[in-house]
Amino acid sequence: MKIIVDKSIFCGIILFSTLCADIFLGDWKVEKKEISTLINDKTSDRIIEIATKLVKSEGAHNVTVRKVLKELGATNRVFYNRFRNIAEVLEIVYKNSVYRMHKALKKEYDGKQDFFDYVTHIATLALTNTYEINLYFSSYMFENSDITTFNCDWWTKHIKELIEFGKANNLIKDEVDSDKLSYSVWCFCRGYNADSVIREVSLKEAIKSFRYGFGIILDGIKKQAEPAPMSRAKYS
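The residue numbering used here restarts from 1 in each chain and proceeds along that chain's sequence as written. With the structure being a predicted model, the display of local features is reserved for residues of pLDDT at least 70 and the display and counting of side-chain atom pairs for 80 or more, all residues being used for whole-chain, interface and lining totals. Based on all heavy atoms of the structure, the side-chain values leave hydrogens and waters out of the count.

## Some words on the overall build of the chain
Within the chain, the regular secondary structure consists of nine helices and three strands. In this description a helix means any DSSP run of H or I spanning at least four residues, a strand means any run of E spanning at least two, and both kinds are numbered starting from the N terminus. The order of α-helices and β-strands along the chain, N terminus first, is β-β-α-α-α-α-α-β-α-α-α-α. Remark: exposure states derive from per-residue accessible area (1.4 Å probe, protein chains only) relative to the maximum for the residue type, with buried under 20%, exposed over 50%, and partly exposed in between. Looking at the chain as a whole, 47% of its 236 residues are labelled buried. As displayed, the chain offers around 13,100 Å² of accessible surface, 52% of which is attributable to carbon and sulfur atoms. Residue exposure ignores everything except the shown protein chains as possible cover, and the areas themselves are Shrake-Rupley values with a 1.4 Å probe.

Shown next, in the form of structure tokens:
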């Protein structure tokens, strides 16, 4: 039987990451109209495009209406006829980034590969893909607790589903509390990712340390195989 598992399940950094939408492959459609009921046209798209460029070059916390308009070559009226403030634009930029990440990470799990090797692999890919997002949006994410809460709820829901899959297939210990573990994994991933970005740890070193720590978590929840019957023959 082919099992479908989303690669992004174990990290989100969390995201960690931390903000989402149909960003989340169907949960919440990311459209400018969702946030603003003002003018929605090609100029709106251009403003988002410029904001995205500025986020990558200066970080989300340094993006302002004035900088966007300078690049656009337009007046305040052009901006405020389309968005109420720069926060609306940054939310769209962030959600578009997360949407692309989730879409890129989607994959099928056919059951042939070791389950825990697979989980470690997709968790590492998630860290790699979210590292850059957090680098650009670190300050912004922590200042927007409502989006953080939404992202936490989304991540823990999908982490729990994967844990339940492992328990149902006799791979994870029956006594594991899926709710508590899913939240613990979220906290581990989000905290680890945030620290790596803040302290400017290289992606290579971040991945190395993450795989080590994440591996210990997985070792602790694995269901051990039944020991083989002991031989009655005397040891010689």
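## Let's talk about the nonpolar core
Side-chain atoms within 4.5 Å link the members of a nonpolar core, which is a set of buried Ala, Val, Leu, Ile, Met, Phe, Trp, Tyr and Cys residues. Among the nonpolar cores identified, the biggest contains 27 residues, and Phe115, Ile172, Phe210, Phe214 and Ile221 are the most heavily contacted of them. The element best represented in this core is helix 7 (residues 145-168), accounting for seven residues. Here a residue-residue contact requires only that any non-hydrogen atoms of the pair lie within 4.5 Å. Discounting chain neighbours no more than four positions away, the residues touching isoleucine 172 are Phe115, Phe116, Ile163, Gly166, Lys167, Ile221 and Lys223. By size, the runner-up hydrophobic cluster in this structure holds 23 residues, among which are Ile47, Val68, Phe79 and Leu90.

## With respect to the packing of helix 2 (residues 42-58) against helix 3 (residues 65-72)
In a packed pair of helices, the relevant descriptors are the angle between the two axes and the axis-to-axis distance. Remark: helix 2 packs on helix 3, axes separated minimally by 10 Å, with the N-to-C direction vectors making an angle of 115 degrees. The handedness of the crossing between helix 2 and helix 3 is right-handed. Two secondary-structure elements touch here, helix 2 through Thr43, Arg46, Ile47, Ile50, Lys53, Leu54 and Glu58 and helix 3 through Lys67, Val68, Glu71 and Leu72. Note on residue categories: nonpolar means Ala, Val, Leu, Ile, Met, Phe, Trp, Tyr, Cys or Pro, charged means Asp, Glu, Lys or Arg, and polar means any other residue, Gly included. Split by residue class, the contact of helix 2 with helix 3 holds five nonpolar, one polar and five charged. Interaxial angles span 0 to 180 degrees and are taken between N-to-C directions of axes, which are lines fitted to C-alpha atoms, for helices over the stretch in contact. What makes a crossing left-handed is the near helix being turned counterclockwise from the far one by less than a right angle; a clockwise turn instead makes it right-handed.

## Describing helix 9 (residues 203-221)
The terminal C-alpha atoms of helix 9 lie 27 Å apart, and with 19 residues this matches the ideal 27 Å at 1.5 Å per residue to within 8%. Ala206, Ile207, Phe210, Gly213, Phe214, Gly215, Leu218 and Ile221 are the residues of helix 9 that are buried. By this rule, a helix spans an expected 1.5 Å times one less than how many residues it contains.

## Details of the packing of helix 8 (residues 178-198) against helix 9
Interhelical geometry of helix 8 versus helix 9 gives an angle of 165 degrees and a closest axis separation of 11 Å. The angle between helix 8 and helix 9 falls in the class roughly antiparallel. In the crossing of helix 8 with helix 9, the sense of the turn from one axis to the other is right-handed. Contacts from Leu181, Val185, Phe188, Cys189, Tyr192 and Ser196 of helix 8 reach helix 9 at Glu205, Ala206, Ser209, Phe210, Gly213, Phe214, Ile217 and Ile221. Residues that form the contact of helix 8 with helix 9 fall into these classes: ten nonpolar, three polar and one charged. If an angle is under 35 degrees, it is roughly parallel; if it is over 145, roughly antiparallel; if it lies from 65 to 115, roughly perpendicular; otherwise it is oblique.

## Comments concerning the confidence of the model for the chain
Per-residue confidence from the predictor is reported as pLDDT, a score between 0 and 100. In this model, the chain carries a mean pLDDT of 75, and residues with pLDDT of at least 70 account for 69%. Predicted confidence for residues 1-33 stays below pLDDT 50, and this span has 144 contacts to residues more than four positions away or in other chains.

## Comments concerning helix 3
Of the residues making up helix 3, those classed as buried are Val65, Val68 and Leu69. Looking down the long axis of helix 3, one finds its buried residues gathered within 95 degrees of arc, a one-sided arrangement. Of the residues in helix 3, the exposed ones pointing more than 90 degrees away from the buried face are Arg66 and Lys70. Where helix 3 ends, the next residue or the one after it, glycine 73, has phi of about 75 degrees, a positive value. Summarising the geometry, the arc corresponds to the directions from the helix axis toward the C-beta atoms.

## Some remarks on the packing of aromatic side chains
Aromatic rings from Phe, Tyr and Trp, with only the six-membered ring used for Trp, were paired whenever their centres fell within 6.5 Å, and each pair was classed as stacked if the ring planes differed by under 30 degrees, edge-to-face if by over 60, and tilted otherwise. Under the definition given, this model contains eight aromatic pairs. Note on phenylalanine 210 and phenylalanine 214: the rings are 5.4 Å apart at their centroids and 15 degrees apart in plane angle, and the pair reads as stacked. Taken as a pair, phenylalanine 210 and phenylalanine 214 lie in helix 9 at a separation of four residues, close to a single helical turn. Like phenylalanine 214, phenylalanine 210 is buried. Grouping aromatic residues by their ring pairs yields a cluster made of Phe188, Tyr192, Phe210 and Phe214.

## A closer look at unusual backbone geometry
Not every positive phi belongs to a glycine, and asparagine 170 is a case in point at roughly 65 degrees. Summarising the element assignment, asparagine 170 is placed in the loop between helix 7 and helix 8.

## Some details on the environment of lysine 204
Summarising the element assignment, lysine 204 is placed in helix 9. Overall, lysine 204 belongs to the exposed group, its relative accessible area being 74%. In sequence terms lysine 204 and threonine 128 are 76 residues apart; their C-alpha atoms lie 9.1 Å from each other.

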